Amino acid sequence: MYMPIAGVDIFWPGLVLIGFSVGVIGGFFGMGGAWMVTPGLNILGFPMAFAIGTDMAHIAGKSMISTMRHAKFGNVDYKLGLFMVFGTFLGIECGAQLVMYLERLGRIDTVVRYVYVLFLALIAFMVFYDYAKAVKKKKAGVAEGERGTEGITWYKTFHKLNIPPMVHFKNAGFTCSAWLPAGVSFLTGVFAGFLGIGGGLFRMPALVYLIGCPTHIAVGTDLFEVMISGLYGAFTFSLKGRIELVAVFVMLTGAAIGAQIGTVATKYAKGYGIRIAFGIAVICCMISIILKQFGFSNSSAVMILSTIGLMCVYITAIMFKGAAAELREKKAAKQAGHPLS
Amino acid sequence: MRNLIKKGIWFVAGIGLCLPHLVWAGGEAATNLVVVADTRRVTGVLKYIADTYNTDPWLFAVWAVVITAAWGGILGFLMDFIMSRSGLDLRSRKIVEH
């Protein structure tokens, strides 16, 4: 298929496949997935400058589809999302300014990659430490609140901050100072702007560990935010002429199907199941960046593509297994004369 | 917790020590890239988009956002319609963390 703006012929089923895979993974983890799409587009033959802009627009459309589905489950806290959007934009601008400053000093790529790796390592550590702590607590018979046993509960300390205005977030189910989501989103925005990514990779764990969202709500709310920031990104990249609209449409078609699978799969997964799979994805992303930094670009691409493939299979299996069990249960209830609604 | 923070500080300090060239300057300047869409091989809507890209960046940016949002919305509603026929309960879920 000919891409008139990028001026290249692209294997279009490859675009559908990328869209589908990122739809599945993004819908399940609540992130845009730029770290997966950009190298994928590059491998298909897009120049890097176009890969980033095209990816940004695709992420906006894909997140819209996922947000619509998550909203039906009640997984989106729009109020929290809107509170965070402003902090995110401000943070992204500050991060971008920091990058421009470092660009004048030189070696920006190296700095960005090392910072990226450092933060991914911290996120992965946090996820697995949290899980280990939760397992230990569960074994000791400690159960906390409605959500069951939790490992890291830093958000409880942050919720005690009594700086007005205090805001209640209905879907997320907590009340906290408005400065908490604003501050956290600003910080994650700075990282996103500095690293040139959407920020879902940082925001999702931040929503869980620092703000105190249940995992499912964090996934849905983050996607809502990714949708808004993606549209903004699509606009700015379009102004710079770095977007291939034809590819966006083709990818979105695949993403529409993938997003349903990823989003519905969250219904059948426990919060910690999502967190652990997320942690593994973060580690794979980190390894791929390290490989790229040391000149192993092909190995890095293989690493990313393998991660995408395996994650897709895992999430799709959760969805179909869960859906089959639900349908069996409904059928059995119907036969017994007590149909489930 | 204090022990954990200590370990974290050592980890960050270790990375700083291992990578001294982080503070060295001397990168290359970024190059500006001017791209013109090739309108010779496309017709209809694609030709309009390519022409707009070449002549009016603002209009192109507005179209890019509007069309992306519209296409996302259409696909979302379409998939919602299809999924609602699957027999699954797509309006409720239990939040279980562990």
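Treat the numbers as computed from the prediction; the structure is a model and nothing was measured.

1. Considering the overall build of chain B
Line of reasoning, step 1. The helix and strand tally for chain B stands at three helices and zero strands.
Line of reasoning, step 2. Mapped in sequence order, the helices and strands of chain B form the string α-α-α.
Line of reasoning, step 3. The buried share of chain B, reckoned over its 98 residues, is 14%.

2. Regarding the overall build of chain A
Line of reasoning, step 1. What chain A contains, in helices and strands, is twelve helices and four strands.
Line of reasoning, step 2. Scaling as 2.2 N^0.38, a compact globule of 341 residues should have a C-alpha radius of gyration of about 20 Å, and chain A matches this with 20 Å.
Line of reasoning, step 3. With the C-alpha coordinates aligned to their principal axes, the bounding extent of chain A is approximately 60 × 50 × 35 Å.
Line of reasoning, step 4. Long-range pairs, those at least 24 residues apart, make up 76% of the contacts in chain A between residues at least 6 apart in sequence.

3. A short note on the environment of Ile74(B)
Residue and element names in this part refer to chain B.
Line of reasoning, step 1. On the secondary structure map, Ile-74 appears in helix α3 (residues 57-83).
Line of reasoning, step 2. According to the C-beta neighbour criterion, Ile-74 is partly exposed, with 14 such atoms within 10 Å.
Line of reasoning, step 3. C-alpha separation for the pair Ile-74 and Trp-63, spaced eleven residues apart in sequence, amounts to 16 Å.

4. Digging into the interface of chain B and chain A
Line of reasoning, step 1. Taken together, the 45 residues of chain B in the interface contact 54 residues of chain A.
Line of reasoning, step 2. Those elements that provide at least two residues to the side of chain B that touches chain A are α2 (44-55) and α3 of chain B.
Line of reasoning, step 3. In terms of residue count, α3(B) provides more of the side of chain B that touches chain A than any other element does, 17 residues in total.
Line of reasoning, step 4. Tallied by class, residues from the side of chain B that touches chain A come to 29 nonpolar, nine polar and seven charged.

5. Considering helix α4 (residues 78-105) of chain A
Residue and element names in this part refer to chain A.
Line of reasoning, step 1. Between its first and last C-alpha, α4 extends 40 Å over 28 residues, near the 40 Å set by a 1.5 Å rise per residue.
Line of reasoning, step 2. Of all the residues in α4, the buried ones are Leu-80, Gly-81, Phe-83, Met-84, Gly-87, Thr-88, Gly-91, Ile-92 and Gly-95.
Line of reasoning, step 3. On the buried face of α4, the contacting elements are β3 (166-169), α7 (179-195) and α9 (215-239).
Line of reasoning, step 4. Looking one or two residues past α4, Gly-106 carries a phi angle of roughly 95 degrees, positive in sign.

6. Comments concerning the packing of α4(A) against α9(A)
Residue and element names in this part refer to chain A.
Line of reasoning, step 1. Across the interface, α4 lies against α9 with an axial gap of 9 Å and an inter-helix angle of 45 degrees. The orientation of α4 relative to α9 falls into the category oblique. Crossing of α4 over α9 shows right-handed handedness. Residues Tyr-78, Leu-80, Gly-81, Met-84, Val-85 and Thr-88 of α4 lie in contact with α9, whose contacting residues are Thr-221, Phe-224, Glu-225, Ile-228 and Ser-229.

7. Describing the nonpolar core
All names here are of chain A.
Line of reasoning, step 1. Counting residues in hydrophobic clusters, the biggest one holds 114 residues, and the most contacted among them are Ile-25, Phe-29, Ala-234, Val-282 and Ile-315.
Line of reasoning, step 2. Considering every element that reaches this core, the biggest residue donor is helix α10 (residues 245-268), with 13 residues.
Line of reasoning, step 3. With residues near it in sequence (within four places) discarded, Val-282 still touches Leu-120, Ile-123, Ala-124 and Leu-201.

8. Observations concerning the confidence of the model for chain B
All names here are of chain B.
Line of reasoning, step 1. Predicted confidence across chain B gives a mean pLDDT of 74, with 61% of residues reaching 70 or more.
Line of reasoning, step 2. Taking the mean pLDDT of every element in chain B, the minimum, 56, falls on helix α1 (residues 2-18) and the maximum, 92, on α3.
Line of reasoning, step 3. Segment residues 15-31 is flagged for pLDDT under 50; beyond a separation of four residues in sequence, or across chains, it makes 14 contacts in the model.
Line of reasoning, step 4. Complex prediction metrics read pTM 0.83 and ipTM 0.80.

9. Re the pairing of β3(A)
Residues and elements named next belong to chain A.
Line of reasoning, step 1. Across four bridges, β3 lies against strand β4 (residues 174-177) in antiparallel orientation. Across the sheet, the residue bridging to His-168 is Thr-175, located in β4.
Line of reasoning, step 2. Between β3 and β4, which pair antiparallel and follow one another directly, the connecting turn spans four residues, one of which, Gly-173, has a positive phi of 80 degrees.

Rules used throughout
Residues numbered from 1 in each chain as written. Chains lettered and ligands numbered in written order. Predicted model: local features only at pLDDT ≥ 70, side-chain atom pairs only at ≥ 80, totals over all residues. Helix = DSSP H or I, 4+ residues; strand = E, 2+ residues; numbered from the N terminus. Buried ≥ 20, exposed ≤ 12 C-beta atoms within 10 Å, placed from the backbone. Rg over C-alpha atoms; globule rule 2.2 N^0.38 Å. Contact = placed C-beta atoms within 7 Å. Nonpolar A, V, L, I, M, F, W, Y, C, P; charged D, E, K, R; others polar. Expected span 1.5 Å × (residues − 1). Axes fitted to C-alpha atoms, helices over the stretch in contact; angles between N-to-C directions. Parallel < 35°, antiparallel > 145°, perpendicular 65-115°, else oblique. Left-handed = near helix turned anticlockwise from the far one by under 90°. Core = buried A, V, L, I, M, F, W, Y, C linked by C-beta atoms within 7 Å. pLDDT = per-residue confidence, 0-100. Pairing = 2+ DSSP bridges.

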